[in-house]
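The residues making up each chain are set out below.
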Amino acid sequence: MESGFTVSLWPLTMAAALLALGLVVALSCTGSGHQEQSVVTSKQAQLWLDCPCLHFNERNSSQWGSLAINASHAFGAKNNCLMIFVGGQDDELVAFQLDQLQLRPGCLDSVEVFPYLREAVIENATVAADTFCQHSRNRSATPIYSAGRLFGLRLRFQQPPSKEDTWNLTLNASYRFLKRENFCTDGRLVPHSYCDFYFFASLTGDGEGGLGQGYFHSPRFPAHYPAHIKCAYKFIGRPDTHVELLFEELQLPPVASGGCQLDALTIFDAESAHMSAVIDVLCTPCPTRRLVSSGPDLLLEFNASSNRTAKGFRGKYKFVANEPGVPQPSAPVVLEAASVAVKQENPQQQQIQHSPALKANSLPTDAELSKPGRSLEYCKQLFDSRVNKSGTFDSNQLLIAKHAGGGSKVLQCRYEFEAQTPERVQIRFHDFNVPTEHENSTGCQPGDALHVVTQVRGRYETQELLCGAFLPKPLMSNGPNLQLQFVGRYPPAMTNKVQYYGFRAEYRFLTNFGIMSGIQQGQECAFVYNSSERISGLFHSPNFPGYYLENMVCNYYFYGARDERVVLHFTYFDVEGIGTCDHQTASDYMEFSNFMSMDRKYSRYCGKLQNFEMRSDGRFFRVTLHSNDRFVAIGFRALYTFESIPPNNSLNELRGTASMQSFVS
C-alpha cells in the first residue's frame, strides 16, 4: 500500500463481522479530506467473489474527493479482483467521474460499474451497468451517478504480471455527494404506481410559487432510468390557466435511424392520451423552446421500450394564468365511444322519488328512475363486444345538464358491458375526480360516486364505490358481464383542488386476462416465455395493477436455451394470504418449480413481500398463481431475464444457489 493508507483485514464470519466495527482504522491523508479503506474477505463464493474491498467516504461535499488505484493495491489480490465502494449518507447520491484509466490491452484488466447498489455487496448475479476493458488514458468528463447512497466498482484481472513494477495499472477518479432532495419530482405519486404523478395548480395563486411550479424527473435521475417502463406525468390546471414545460436536460439512447422508435417522451395537449392532441414527441437532444398547452391540462408520457437506458430527463413545469380577454371553452368536449348503443331514457328532465324502503347499497331500477320527484339527468349505455372490442366512455354527456335552467340536478348513467365467452371486460381509467365525503377523506358518498354493481333479484347491488381524485385501479369482470353506474350531482360539491368532475375510461373485451407479454396457450391463463423470442421482459398477474381474479390458476412457463437459466426479479408482490399459505388459512399463493409438477425445494409464497429474486436450476422454470373465492389482492409484477450458465458451475452448484435472494436495483 502507498504511504498514507492503513488497511485492516479480517475474515467475513458472523463473529468477526461484529468485531470488525471496532477494528477499522481511520485513515488520514494529506490534502482536502479524509479517506477510510478496509479489506473484507468472504467465504461465500457461491454468492459473490471473495475480493478485497476499499471504502471511500470523504465528507467534504462542496469539493470533489479523489480516488487513486494502482498496481500496488491490486497486486496479489485474492481471486484477482478488487472491489471499491463510495458511500454517502441515506439522503445522498454519489457523482463519480472517471478521470484516467490505464488497463492492459486485450481486456486482461476490466472495470465493472455498479451504480444501483443497496448495500456494499456485489453478488455474482448482480449485473454491471457498464464495463471498461480497453486500454485508454483519458475518459469522458461526464459523471456517472448512483441511484442511492452507494456506488461500486469491481476490478478483475486475468493473468496478472508476476512483478508489480511491470503492471501499468492506473485508475484515477473523482467523486462527490449530492443531496437526493435536489432530484425529487414535485408531484403527487399515484398510489400503487412506480412513476405516475399528478401536478395540481394552486387554487389561490398566493405565495412565492404563484399558481404552482416545480420540477419533474425521470425515475432514478440523475442515474439511468430502468428499462421497460412507462410513466405518466399529468398536469391539472385551473380553467383560467395553461401549462408551460421547459426541459433542462434530456438524454435518451441514440436513435439508429430517423424517428423515435423506442424510448421517447410524448406530450399531449389534454389530460388524456389522444393522438389527435399530440404537441410533440421527443427523443433527441433537449429542446430549448418552452412547450405550452392550449388549455388548463397537459399530459407527458414517457415510454422506455428498449433494453438500453440513459440519464433521462429533468424538466420544470409552471401553471400560468391566461391573459385577460382570451376566450375559454364554455363547456367540456363531449367524446362518444364508437361502440356505444345509447338508450337515452327521455331526453327531457325526468323526476325521481326516493323510496325509504331502498337498501343503502341498492340502486334504483329503470322503472323507479321514471317516478316523479326531483330533477334528474339519466342515461343507459350498452357496450357489446360483437360491435367493438374496445373504446372509451365518460360522464361528459351528463354534464350537459348544467346548461339547463336553475336548480340542482341528480346525474345518473348506467354502463353495461356484455362480452362473448371466453372474453372478460377490463376497465382502465384515464381521468377521475368524484368528491369524497369531505376534504382529506377517502370515504365515498353513495349519492356521488361511481358504483361497481351486480344484479341480484332484479335489483342492482353495489359491490364497490369509487371516488376521489386519484385514478382507480383497473377493473376486470369475473365473467362475461360487468355493470357500472355513475351517480352524481350538479353543481358538484368539490372537496379537493382538482378542477375536473366525473371520469373518463377505456374498456376492452379481452381473452388474455390483461397479460400483454408472453405467448398465451389456448384460452387458458397460461403464458410461455422463450429466450429465442426475447431474453428479458416483464410479466405480471392478471389485471395488474388492479386486483387479480377469483378462483383461477395462472401459469407462466419459461424456456431457455440449453446453456441458459432464468432469473426473476419481483418488484411488487402482494398475494392474499398469511402464514404457510395453505388451505387451512384460506390463502391464495404463488408456486415456483423447476418442473411441470411440484418442486419440493420451494415453499408457497403469499402476503406482502419486498423485492426479491428467484433463480431456476436449469433451462426451464414454472411460476403459478393460485386464487380461491375468498379475497383477492393486487398480485405481482416481475422482470425475467435469461442468462448464460457460467461454464465453471456444475448443475449441483447451481442447485445449491437457487434460492430467494435480496434483489439489488
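Residues numbered from 1 in each chain as written. Predicted model: local features only at pLDDT ≥ 70, side-chain atom pairs only at ≥ 80, totals over all residues. Heavy atoms only, no water.

Across its full length, the chain holds four helices and 46 strands. In the chain, which comprises 665 residues, the proportion classed as buried is 49%. Long-range pairs, those at least 24 residues apart, make up 79% of the contacts in the chain with a sequence separation of at least 6. (Helix = DSSP H or I, 4+ residues; strand = E, 2+ residues; numbered from the N terminus. Buried < 20%, exposed > 50% of the residue type's maximum accessible area, 1.4 Å probe, protein only. Contact = heavy atoms within 4.5 Å.)

Let's shift gears to the nonpolar core. Of all hydrophobic cores here, the largest spans 36 residues; its most connected members are Phe 539, Tyr 556, Phe 558, Leu 568, Phe 570, Met 590 and Phe 592. Every element with two or more residues in this core is listed here: strand E37 (526-530), strand E39 (552-559), strand E40 (564-575), strand E41 (589-593), strand E43 (612-615), strand E44 (620-627) and strand E45 (635-644). In terms of residues, this core owes the most to one element, E40, which gives five residues. Sequence-distant contacts of Leu 568, defined by excluding residues within four places in its chain, comprise Phe 539, Phe 558, Phe 612, Glu 613, Met 614, Phe 621, Val 623, Leu 639 and Tyr 640. Phe 197, Leu 211, Phe 247 and Leu 250 belong to the second-largest nonpolar core, a separate cluster that totals 30 residues. (Core = buried A, V, L, I, M, F, W, Y, C linked by side-chain atoms within 4.5 Å.)

With that settled, the discussion passes to the pairing of strand E38 (residues 536-540). Burial analysis of E38 places four of its five residues in the buried class, which makes it a mostly covered element. Inspection of the sheet shows E38 paired to E45 by five bridges, in the antiparallel sense. The partner of Leu 538 across the bridge, within E45, is Leu 639. (Pairing = 2+ DSSP bridges.)

This brings us to the packing of aromatic side chains. Enumeration over the complete set of coordinates arrives at 61 aromatic pairs. Aromatic pair Phe 56 and Tyr 175: ring centres 6.5 Å apart, planes at 65°, arrangement edge-to-face. In this pair, Phe 56 sits in strand E5 (residues 53-56) while Tyr 175 sits in strand E13 (residues 170-179), placing the two residues 119 residues apart along the sequence. Neither Phe 56 nor Tyr 175 differs from the other in exposure class; each is buried. With a centroid separation of 4.4 Å and an interplanar angle of 15°, the aromatic rings of Phe 199 and Phe 235 are classed as stacked. Linking Phe 199 in strand E15 (residues 197-200) with Phe 235 in strand E17 (residues 229-236), this pair joins segments that are 36 residues apart in sequence. Among the residues examined, Phe 235 registers a relative accessible area of 0% and is labelled buried. Over the ring of Tyr 215 we find Arg 314; its NZ or CZ atom is 4.1 Å from the centre of that ring. (Phe/Tyr/Trp six-rings, centres within 6.5 Å; stacked < 30°, edge-to-face > 60°. Lys NZ or Arg CZ within 6 Å of the ring centre and 35° of its normal.)

Turning next to unusual backbone geometry. The residue after Thr 421, namely Pro 422, is reached through a cis peptide bond having omega 10°. Position of Pro 422 among the secondary structure elements: in the loop between strand E29 (409-418) and strand E30 (424-433). The linkage connecting Phe 544 with the following residue, Pro 545, adopts the cis geometry, with an omega of 5°. With respect to the helices and strands, Pro 545 occurs in the loop between E38 and E39. Residue Asn 80 is not a glycine yet carries a positive backbone phi of 55°. Mapping Asn 80 onto the fold places it in the loop between helix H2 (71-74) and strand E7 (81-87). Phi at Cys 581 takes a positive value of approximately 60°, unusual for a residue other than glycine. Residue placement: Cys 581 occurs in the loop between E40 and E41.

Moving on: the side chain of Asp 599. Within the secondary structure, Asp 599 sits in the loop between E41 and strand E42 (607-608). Lacking a salt bridge, the buried Asp 599 has Lys 601 as its closest oppositely charged neighbour, with an N-O distance of 5.9 Å. For Asp 599, the contacting residues outside a window of four places in its chain are Phe 592, Ser 593 and Asn 594. (Lys, Arg positive; Asp, Glu negative; His and termini not counted. Salt bridge = Lys/Arg side-chain N within 4 Å of Asp/Glu carboxyl O.)

Pairing in this open sheet of four strands is antiparallel, and the strands run E16-E23-E18-E21 from one edge to the other. If you trace the sheet from one side to the other, it starts and ends with strand E16 (213-217) and strand E21 (291-292), each paired once. Pairing analysis gives five bridges linking E16 to strand E23 (residues 312-321), with the strands arranged antiparallel. In the sheet register, Phe 216 faces E23, and the bridge partner there is Gly 315.

Time to look at the sheet that holds strand E11 (residues 144-145). Ordered in space as E6-E13-E8-E11, the four strands form an open sheet in which the pairing is antiparallel. For this open sheet the edge positions go to strand E6 (65-70) and E11, each flanked by a neighbour on one side alone. Across 10 bridges, the pairing between strand E8 (residues 92-102) and E13 is antiparallel. Bridge pairing in E13 places Leu 93 opposite Leu 178.

If you walk through the whole model with that rule in mind, you get 19 salt bridges. Here Arg 154 and Glu 112 are joined by a salt bridge, their closest N and O atoms 2.7 Å apart. You can see Arg 154 sitting in strand E12 (residues 150-157) and its partner Glu 112 sitting in strand E9 (residues 109-114), a full 42 residues away along the chain. In terms of burial, Arg 154 and Glu 112 fall into one category: buried. Put simply, Asp 431 and Lys 234 hold a salt bridge, and the shortest N to O gap is 3.2 Å.

With that settled, the discussion passes to the state of the cysteines. One pass over the structure, following the stated rule, counts six disulfides. Disulfide partner of Cys 107: Cys 133, at an S-S distance of 2.3 Å. Note that Cys 107 is positioned in the loop between E8 and E9 and Cys 133 in the loop between strand E10 (130-132) and E11, a separation of 26 residues in sequence. On the basis of relative accessibility, which here comes to 24%, the residue Cys 107 falls in the partly exposed class. (Disulfide = S-S within 2.5 Å.)

In terms of burial, E17 is a largely internal element, six of the eight residues being buried. Strand direction decides the pairing type here: E15 and E17, joined by four bridges, are parallel. Residue Phe 199 lies in a different strand from E17, and its bridge partner there is Phe 235.

Moving on, we come to the environment of Gly 88. Along the polypeptide, Gly 88 turns up in the loop between E7 and E8. For the pair Gly 88 and Glu 58, spaced 30 residues apart in the sequence, the C-alpha separation amounts to 8.5 Å.

We now examine the confidence of the model for the chain. Looking at the chain as a whole, its pLDDT mean stands at 77, while 74% of the residues score no less than 70. Confidence drops under a pLDDT of 50 for residues 1-46, and excluding neighbours within four residues, the segment shows 71 contacts in the predicted structure. Taken as a whole, residues 650-665 scores under 50 in pLDDT and shows 42 contacts with residues more than four places along the chain or in a different chain. (pLDDT = per-residue confidence, 0-100.)

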